[in-house]
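Inside the fold
This is what each chain is made of:
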Amino acid sequence: MDLRNTWDKWPDANGRFGEFGGRYVAETLMPLILDLEKEYRAAQKDPEFQAQMDDLWTHYVGRPSPLYFAERLTDHFGGAKIYFKRDELNHTGAHKINNCLGQVLLAMRMGKKRIIAETGAGQHGVATATVCARFGLQCVVFMGATDVERQKPNVFRMRLLGAEIVPVESGTGTLKDAMNEALRDWVTNVDDTFYCIGTAAGPHPYPELVRDFQSIIGREAREQILEREGRLPDAVMACIGGGSNAIGLFHPFVEDEGVRLIGVEASGHGVETGMHAAALNGGKPGILHGNRTYLLQDDDGQIIDAHSISAGLDYPGIGPEHAFLRDSGRAEYLTCTDDEALEAFQLCTRLEGIIPALEPSHALARIGEVAKEMGPDQIIIMNLCGRGDKDIFSVAGHLGIDM
Amino acid sequence: MPVSRISAAFDKARSDGRSALVSYVMAGDPDLETSYQVLNALVENGADVIELGAPFTDPMADGPSIQRAGQRSLAAGTTLKDVLALAKRFRETNQTTPLILMGYANPVHLMGYEAFAEAAGDAGIDGTIIVDLPPEEDMPLREAYAPHELAVIRLATPTTHEGRMKTVADGASGFLYYVSVTGVTGAKKPVASDITPGVQMAQRISGLPVCVGFGIKTGEQAREMAAISDGVVVGSAFVDIISEMAQGKSREEIVESVARLTRDLSSGLNRNGGVA
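Residues numbered from 1 in each chain as written. Chains lettered and ligands numbered in written order. Predicted model: local features only at pLDDT ≥ 70, side-chain atom pairs only at ≥ 80, totals over all residues. Heavy atoms only, no water.

The next subject is the overall build of chain B. Along chain B, the regular secondary structure elements total 12 helices and nine strands. Taken over C-alpha atoms, the radius of gyration comes to 17 Å for chain B, in line with the 19 Å a tight globule of 276 residues would show. Projected onto the principal axes, the alpha-carbon positions of chain B cover approximately 45 × 45 × 35 Å. Every one of the 276 residues in chain B was classed for burial, and the buried ones make up 63%. A separation of at least 24 residues holds for 73% of the contacts in chain B among residues at least 6 apart in sequence. In the structure as shown, chain B presents an accessible area of about 9900 Å², 51% of it carried by carbon and sulfur atoms. (Helix = DSSP H or I, 4+ residues; strand = E, 2+ residues; numbered from the N terminus. Rg over C-alpha atoms; globule rule 2.2 N^0.38 Å. Buried < 20%, exposed > 50% of the residue type's maximum accessible area, 1.4 Å probe, protein only. Contact = heavy atoms within 4.5 Å. Areas by Shrake-Rupley, 256 points an atom, 1.4 Å probe, with all protein chains shown as cover.)

On to the layout of surface pockets. Residue and element names in this part refer to chain A. In this structure, the largest pocket encloses a volume near 420 Å³. Lining the largest pocket are 26 residues, with R150, Q151, I309, A311 and S394 sitting closest to its centre. Every element with two or more residues in the lining of the largest pocket is listed here: α6 (145–150), α7 (152–160), α15 (358–372) and α16 (392–398). Of the residues belonging to the lining of the largest pocket, the class tally is seven nonpolar, 11 polar and eight charged. Counted as a void, the second largest pocket has a volume near 220 Å³. What lines the second largest pocket is a set of 14 residues, among which E340, E343, A344, L347 and A365 lie closest to the centre. For the lining of the second largest pocket, the secondary-structure elements that each account for two or more residues are α3 (71–77), α14 (338–352) and α15. Of the residues in the lining of the second largest pocket, the class split is seven nonpolar, two polar and five charged. (1 Å grid on protein atoms, 1.4 Å probe; cavity = no way out; pocket = protein on both sides within 12 Å on 5 of 7 lines; lining within 4 Å. Points joined across faces, edges and corners; volume = space filled by probe spheres on them. Nonpolar A, V, L, I, M, F, W, Y, C, P; charged D, E, K, R; others polar.)

Residue-level contacts link 37 residues of chain A with 37 residues of chain B. Buried area between chain A and chain B, summed over both chains or domains, comes out near 2900 Å², and the portion from carbon and sulfur atoms is 54%. Per-residue buried area on chain A facing chain B is highest for E27(A), R184(A) and I287(A); these three make up 23% of the total on that side. Put simply, chain A and chain B have three salt bridges between them. When the shortest N-O distance is used, the salt bridge between E27(A) and R164(B) registers 2.7 Å. There are 19 residue pairs in polar contact (both at pLDDT 80 or more) connecting chain A and chain B. At the level of secondary structure, the elements contributing two or more residues to the side of chain A that touches chain B comprise β2 (20–24), α1 (30–44), α8 (175–188), β11 (284–288) and β12 (290–295) of chain A. Among the elements that take part in the side of chain A that touches chain B, α8(A) stands out by supplying eight residues, more than any other. Of the residues contributing to the side of chain A that touches chain B, the split by class is 15 nonpolar, 10 polar and 12 charged. (Buried area = accessible area lost by both parts, 1.4 Å probe. Salt bridge = Lys/Arg side-chain N within 4 Å of Asp/Glu carboxyl O. Polar contact = N/O pair within 3.5 Å; in protein donor to acceptor, adjacent residues only side chain to side chain.)

Quick look at the packing of helix α2 (residues 32–44) of chain B against helix α12 (residues 251–267) of chain B now. All names here are of chain B. Close contact between α2 and α12 brings their axes to 9 Å; oriented N to C, the two are set at 30°. Judged on the interaxial angle alone, α12 and α2 are roughly parallel. Classified by chirality, the crossing of α12 by α2 is right-handed. Note on element contacts: α12 touches α2 through R251, V255, V258 and T262, opposite E33, T34, Q37, V38, A41 and L42. Its residues assigned to classes, the contact of α2 with α12 comprises five nonpolar, three polar and two charged. (Axes fitted to C-alpha atoms, helices over the stretch in contact; angles between N-to-C directions. Parallel < 35°, antiparallel > 145°, perpendicular 65-115°, else oblique. Left-handed = near helix turned anticlockwise from the far one by under 90°.)

Moving on: the sheet that holds β11(A). Residue and element names in this part refer to chain A. Ordered in space as β1-β2-β12-β11, the four strands form an open sheet in which the pairing is antiparallel. Looking along the sheet, the strands with just one partner apiece sit at the ends: β1 (16–17) and β11. Bridge count for β1 against β2 is two bridges, and the pairing is antiparallel. Residue pairing in the sheet places R16 in a bridge with G21 of β2. Contacting β1, β2 and β12, helix α13 (residues 320–327) runs over the sheet at an angle of about 45° to β12. (Pairing = 2+ DSSP bridges.)

Further remarks concern the packing of aromatic side chains. Scanning all chains against the criterion turns up 13 aromatic pairs over all chains. Seen from their ring centres, F69(A) and Y83(A) are 5.3 Å apart, and the 45° between their planes marks the pair as tilted. Of the two residues, F69(A) is situated in strand β3 (residues 67–69) and Y83(A) in strand β4 (residues 81–85); the sequence distance between them amounts to 14 residues. Judged by its relative accessible area of 1%, Y83(A) falls in the buried class. These aromatic residues form a ring-pair network of at least three members: Y40(A), F49(A) and F213(A). We note R326(A) situated over the ring of Y294(A); from NZ or CZ to the ring centre the distance is 5.0 Å. The ring of Y36(B) has R89(B) lying over it, and the distance from NZ or CZ to the ring centre is 3.6 Å. (Phe/Tyr/Trp six-rings, centres within 6.5 Å; stacked < 30°, edge-to-face > 60°. Lys NZ or Arg CZ within 6 Å of the ring centre and 35° of its normal.)

Encoded structure:
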């Protein structure tokens, strides 16, 4: 099949992006995700829903986020012009809130009063707790016990916002276990509960609706670069955990064949060590958390724990649309180790006066090489999807600095 | 004749005037030899159908008991191939008790549906319950199973309304597993009067035997559920007994406790109220 000019037509009616995606859930949840899809289709056609989103995006989140020319970083590498899409300036400090607003508004349309969410680093949990506070909804956040321990500031923020935090002891106490536990809660509380998934993964229609809500990033960036430079960029770049910030940036550009789409996965200590979170570069297709996608797994199909310095990328899978864009050749996926991300974190902080989160530091670490291959008249847009305030303690630890 | 082995077991229970006892244990918990002895104890003491759990790292539909059983099994190194080998060993001496493999999609998907179907057929497995393969996603599995006559056993739940039940029934074989509560295995306690309409709808629409499970732990609960269904599934209660090996109980004691619970449950399933 010729996939050209059809990249933005996915998923199909069965929730598939090529051979990825789908609805791999226990029967108890099937009626719920079918309902959610129906409600989402209705919301998409409802101008009221869109107007409410736009209003909150402008006045609550602070959109549009600026498109910033990173002049000193551009000079430093001496290649293409580097622009940052400043989604770290959003309310709550990351792109996560774009999606939470959309999902919580959907939940309210469906009459659900209780919102559950999983979180790793705590950014999605904080964004969900924030939106729930704004609308007076009950919020329960599942977080691996290990992560609760290493992300104390975010745990406290969520509690301040009125959320209940459930530390998950099962498995290894990280993001995937939090997601398992959220799914267990959902099958138990089907009547009143809405599951607000934090990334563009999970059973259909989640990968699609999370992508659509996050696509505000790419739509703005496209408009802003056209206004500023009078042309489209040559490449757009973003880090990938589950892949929601990346798909939000990529999607409005998928039909523009001259625009390279470059994702950067976290390779932890290195893909060859087995201690990484690079599902596309070091995994195999499989089925987990409702979708068929690339997963870190052993020869028996058991899921292997991911490793990354960045808790937000520490997940053994990836959104199914990225699996599709990779296998179809439309997008490229590079990797970045913990150490490289730490260096890029410091470089950006010193050259641009912007402390990036460890997640986008992974994309920053590869941007120099990509920029150097290109001429000074070419353009790269990178999504600076989160700010680094949350990471300063862990960075200090890695640099051996006693705070 | 795997599918027919399942129907024969339900036919026999029905002609005995009772509901079938479907017992679940996690293969390889805490080791494969214990599982083998437990399987035989189940059958000798009145279990009609056996569900053999295949461990998975991320069992999203299971409560703490079965989660931990899976972790113990994985810690002992159990693989999907080991589970099939256990089934094969059981079949050497038992050709009548249906053996249903219950697990999650990823290990089966990685082995490949066709390779798995062939291996399962060869091992004497009669059907599978793959929790996260709903009707929308199990077509490749059904195609792979057809030549081996393996049953695709589907789940119906309290959230399954009439329209949805038709989808669930279409392409299902062997029996239907009616999940008695919204929730995970072994958590909430089911109430017979709440689920009777759902079970009857499942029987009417599917034309298959309907077994009720999730949260049934005692002989008394089993008796209550037997009155409204073709079979009663007990899992976490067996798994909890087996978990005591980790606290130092011997294999002999565990097998004896499993046998005792099986007799207790089995005696409650006689619809005429007598002791089977």
